[in-house]
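A structural walkthrough
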Amino acid sequence: MPIKGMCFLMAQNQVDYDIALILSLCFFKRKTCRQTDGKRKSTNPNPWGGDFRVHPINVQGNEVYLAIRGQWQAFEDQQVVDMLGRTIQTQRDFWKDHSQEYFTVTLIPTQLDRGSSMGGTGLTNSFAANASNNKYLDFSGLSWLFNHELMHNWIGHTIKNAN
Ligand SMILES: [Zn+2]
(Lines give C-alpha, C1' and ligand atoms only; values in the text may rest on other atoms or scores of the structure.)
Protein backbone atom coordinates (compact mmCIF):
# COMPACT_ATOMS: atom_id res chain seq x y z
CA MET A 1 0.00 0.00 0.00
CA PRO A 2 1.76 3.19 -1.15
CA ILE A 3 1.25 5.35 1.88
CA LYS A 4 3.59 7.37 4.01
CA GLY A 5 3.51 4.79 6.79
CA MET A 6 5.25 2.19 4.64
CA CYS A 7 8.49 2.32 6.59
CA PHE A 8 6.47 1.54 9.69
CA LEU A 9 4.83 -1.42 8.01
CA MET A 10 8.19 -2.80 6.91
CA ALA A 11 9.41 -2.82 10.49
CA GLN A 12 6.90 -5.38 11.70
CA ASN A 13 7.05 -7.09 15.05
CA GLN A 14 9.44 -4.70 16.66
CA VAL A 15 8.46 -2.25 19.31
CA ASP A 16 11.22 0.12 20.18
CA TYR A 17 12.06 3.77 20.09
CA ASP A 18 12.65 3.77 16.35
CA ILE A 19 9.21 2.34 15.73
CA ALA A 20 7.61 4.95 17.95
CA LEU A 21 9.46 7.63 16.05
CA ILE A 22 8.56 6.08 12.72
CA LEU A 23 4.89 5.74 13.56
CA SER A 24 4.55 9.26 14.84
CA LEU A 25 6.70 10.94 12.25
CA CYS A 26 6.35 8.88 9.08
CA PHE A 27 2.74 9.79 8.85
CA PHE A 28 3.73 13.42 9.11
CA LYS A 29 6.25 13.31 6.27
CA ARG A 30 9.02 13.50 8.86
CA LYS A 31 8.11 17.07 9.63
CA THR A 32 8.02 18.16 13.22
CA CYS A 33 4.69 17.35 14.72
CA ARG A 34 2.26 20.21 14.94
CA GLN A 35 2.62 22.01 18.24
CA THR A 36 -0.92 22.76 19.23
CA ASP A 37 -0.01 25.30 21.90
CA GLY A 38 3.03 26.71 20.11
CA LYS A 39 5.21 26.08 23.18
CA ARG A 40 5.54 22.40 23.82
CA LYS A 41 8.88 21.07 22.63
CA SER A 42 8.33 17.41 23.32
CA THR A 43 5.71 15.40 21.51
CA ASN A 44 3.86 12.28 22.49
CA PRO A 45 4.48 9.82 19.73
CA ASN A 46 2.05 6.97 19.37
CA PRO A 47 4.28 4.14 20.56
CA TRP A 48 2.96 1.09 18.79
CA GLY A 49 4.58 -1.12 16.21
CA GLY A 50 3.53 -4.47 14.85
CA ASP A 51 1.42 -6.18 12.26
CA PHE A 52 -1.06 -3.40 11.77
CA ARG A 53 -3.41 -3.01 8.84
CA VAL A 54 -3.28 0.66 7.90
CA HIS A 55 -6.39 2.18 6.35
CA PRO A 56 -6.01 5.66 4.84
CA ILE A 57 -9.04 7.92 5.20
CA ASN A 58 -9.44 11.28 3.47
CA VAL A 59 -11.26 13.94 5.50
CA GLN A 60 -11.70 17.07 3.40
CA GLY A 61 -8.29 16.72 1.79
CA ASN A 62 -6.44 15.86 5.00
CA GLU A 63 -5.04 12.40 5.65
CA VAL A 64 -6.18 10.21 8.50
CA TYR A 65 -4.89 6.70 9.12
CA LEU A 66 -6.50 3.93 11.09
CA ALA A 67 -3.83 1.42 12.12
CA ILE A 68 -5.57 -1.67 13.46
CA ARG A 69 -4.43 -5.15 14.39
CA GLY A 70 -6.09 -8.35 15.45
CA GLN A 71 -8.97 -10.39 14.05
CA TRP A 72 -11.98 -8.76 15.65
CA GLN A 73 -15.07 -10.73 16.56
CA ALA A 74 -17.52 -7.83 16.86
CA PHE A 75 -16.87 -5.75 13.73
CA GLU A 76 -15.12 -5.47 10.38
CA ASP A 77 -12.29 -2.97 9.87
CA GLN A 78 -14.50 -1.00 7.49
CA GLN A 79 -17.01 -0.22 10.25
CA VAL A 80 -14.25 1.43 12.28
CA VAL A 81 -12.93 3.23 9.19
CA ASP A 82 -16.41 4.66 8.52
CA MET A 83 -17.01 5.57 12.16
CA LEU A 84 -13.60 7.25 12.50
CA GLY A 85 -14.05 9.24 9.30
CA ARG A 86 -17.47 10.47 10.45
CA THR A 87 -16.19 11.29 13.94
CA ILE A 88 -13.26 13.35 12.68
CA GLN A 89 -15.37 15.14 10.06
CA THR A 90 -18.02 16.02 12.65
CA GLN A 91 -15.62 17.28 15.33
CA ARG A 92 -13.48 19.28 12.92
CA ASP A 93 -16.64 20.86 11.53
CA PHE A 94 -17.77 21.70 15.07
CA TRP A 95 -14.44 23.35 15.96
CA LYS A 96 -14.14 24.87 12.46
CA ASP A 97 -10.63 23.41 12.42
CA HIS A 98 -9.55 21.25 9.52
CA SER A 99 -5.90 22.33 9.99
CA GLN A 100 -4.30 18.96 10.78
CA GLU A 101 -2.83 17.47 7.63
CA TYR A 102 -2.13 14.10 9.26
CA PHE A 103 -3.80 12.20 12.03
CA THR A 104 -3.27 8.61 13.08
CA VAL A 105 -5.44 6.38 15.24
CA THR A 106 -4.27 3.00 16.48
CA LEU A 107 -6.63 0.30 17.72
CA ILE A 108 -5.30 -2.84 19.37
CA PRO A 109 -7.18 -5.79 20.87
CA THR A 110 -7.06 -6.82 24.50
CA GLN A 111 -8.25 -10.11 25.93
CA LEU A 112 -11.39 -10.34 28.06
CA ASP A 113 -13.65 -13.39 28.31
CA ARG A 114 -16.90 -11.56 28.99
CA GLY A 115 -18.10 -8.00 28.80
CA SER A 116 -16.70 -5.01 27.01
CA SER A 117 -13.68 -2.97 28.04
CA MET A 118 -11.81 -0.21 26.27
CA GLY A 119 -9.44 2.68 26.80
CA GLY A 120 -7.46 5.31 25.00
CA THR A 121 -4.82 8.01 25.20
CA GLY A 122 -4.70 11.28 23.32
CA LEU A 123 -1.32 11.87 21.66
CA THR A 124 0.27 14.29 19.24
CA ASN A 125 -1.66 14.24 15.97
CA SER A 126 -2.90 10.90 17.11
CA PHE A 127 -4.68 8.83 19.68
CA ALA A 128 -4.13 5.24 20.74
CA ALA A 129 -7.09 3.03 21.62
CA ASN A 130 -7.52 -0.51 22.86
CA ALA A 131 -10.63 -2.62 23.21
CA SER A 132 -11.55 -6.10 24.33
CA ASN A 133 -11.80 -8.47 21.40
CA ASN A 134 -14.83 -10.65 22.01
CA LYS A 135 -18.41 -10.86 20.77
CA TYR A 136 -19.61 -8.67 23.65
CA LEU A 137 -17.73 -5.59 22.51
CA ASP A 138 -20.03 -2.57 22.52
CA PHE A 139 -19.38 -0.82 19.21
CA SER A 140 -21.32 2.30 20.27
CA GLY A 141 -18.95 2.47 23.26
CA LEU A 142 -16.03 2.40 20.84
CA SER A 143 -17.60 5.30 18.98
CA TRP A 144 -17.94 7.19 22.30
CA LEU A 145 -14.28 6.44 23.10
CA PHE A 146 -13.12 7.74 19.71
CA ASN A 147 -15.18 10.90 20.20
CA HIS A 148 -13.70 11.38 23.66
CA GLU A 149 -10.07 10.85 22.64
CA LEU A 150 -10.46 13.09 19.60
CA MET A 151 -11.99 15.79 21.79
CA HIS A 152 -8.66 15.95 23.66
CA ASN A 153 -7.18 17.18 20.41
CA TRP A 154 -8.79 20.54 21.28
CA ILE A 155 -9.81 20.47 24.93
CA GLY A 156 -6.83 20.11 27.25
CA HIS A 157 -4.41 20.83 24.42
CA THR A 158 -5.36 23.70 22.15
CA ILE A 159 -7.73 25.27 24.65
CA LYS A 160 -6.07 25.90 28.01
CA ASN A 161 -7.34 27.48 31.17
CA ALA A 162 -6.01 30.97 31.90
CA ASN A 163 -4.30 29.78 35.08
ZN1 LIG B 1 -10.12 11.97 28.70
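1. Some thoughts on unusual backbone geometry
- We note that glutamine 60 has phi near 50°; this positive angle belongs to a residue other than glycine.
- Within the secondary structure, glutamine 60 sits in the loop between β1 (53-59) and β2 (62-68).
- Of note, lysine 96 is a non-glycine position whose phi angle comes to about 50°, a positive value.
- Residue position: lysine 96 is located in the loop between α3 (77-95) and β3 (102-110).

2. Looking at the confidence of the model for the protein chain
- Considering every residue of the protein chain, the mean pLDDT works out to 77; 65% of them sit at 70 or more.
- At the low end of the mean pLDDT range in the protein chain sits helix α1 (residues 6-10), at 36; at the high end sits α3, at 98.
- Confidence drops under a pLDDT of 50 for residues 1-22, and excluding neighbours within four residues, the segment shows 33 contacts in the predicted structure.

3. Section: the nonpolar core
- By size, the foremost hydrophobic cluster in this structure holds 23 residues, and its most contacted members are Leu66, Leu84, Leu107 and Ala129.
- Of all the secondary structure elements, the ones that give two or more residues to this core are β2, α3, β3, β5 (126-132) and α4 (139-151).
- Considering each element in turn, this core owes the most residues, five residues, to β2.
- Alanine 129 has contacts with Val105, Thr106, Leu107, Met118, Gly120, Leu145, Phe146 and Glu149, leaving out every residue within four places of it along the chain.

4. Observations concerning the pairing of β3
- In this sheet, β3 lies alongside β2 in parallel orientation, the contact comprising six bridges. If you follow valine 64 over to β3, its bridge partner there is phenylalanine 103.
- Two strands pair when backbone bridges link them, and β3 and β5 are joined in this way by seven bridges, in the parallel orientation. Residue pairing across strands places leucine 107 opposite alanine 129, the latter belonging to β5.

5. Here we look at the sheet that holds β3
- Reading across from one edge, β1-β2-β3-β5-β4 is the order of the five strands in this open sheet, with mixed pairing throughout. The open sheet terminates on both sides in strands that have one partner only, identified here as β1 and β4 (118-123). Neighbour to neighbour, the strand axes of the sheet diverge by 15° on average, direction disregarded.
- Contacts between α3 and the sheet are confined to β1, β2 and β3, with β1 contributing the most and set at about 35° to the helix.

6. Description of the pairing of β2
- Most of β2 sits inside the fold, with five of its seven residues counted as buried.
- Pairing between β1 and β2: seven bridges, direction antiparallel. The residue bridging isoleucine 57 from the neighbouring strand is valine 64, located in β2.
- Between β1 and the antiparallel strand that follows it, β2, lie two residues; glutamine 60 among them carries a positive phi value of about 50°.
- Where the polypeptide runs from β2 across α3 and back to β3, its parallel neighbour, the crossover connection is left-handed.

Cut-offs applied
Residues numbered from 1 in each chain as written. Predicted model: local features only at pLDDT ≥ 70, side-chain atom pairs only at ≥ 80, totals over all residues. Helix = DSSP H or I, 4+ residues; strand = E, 2+ residues; numbered from the N terminus. pLDDT = per-residue confidence, 0-100. Contact = placed C-beta atoms within 7 Å. Core = buried A, V, L, I, M, F, W, Y, C linked by C-beta atoms within 7 Å. Buried ≥ 20, exposed ≤ 12 C-beta atoms within 10 Å, placed from the backbone. Pairing = 2+ DSSP bridges. Axes fitted to C-alpha atoms, helices over the stretch in contact; angles between N-to-C directions. Right-handed = clockwise from strand over helix to strand, strands pointing away.

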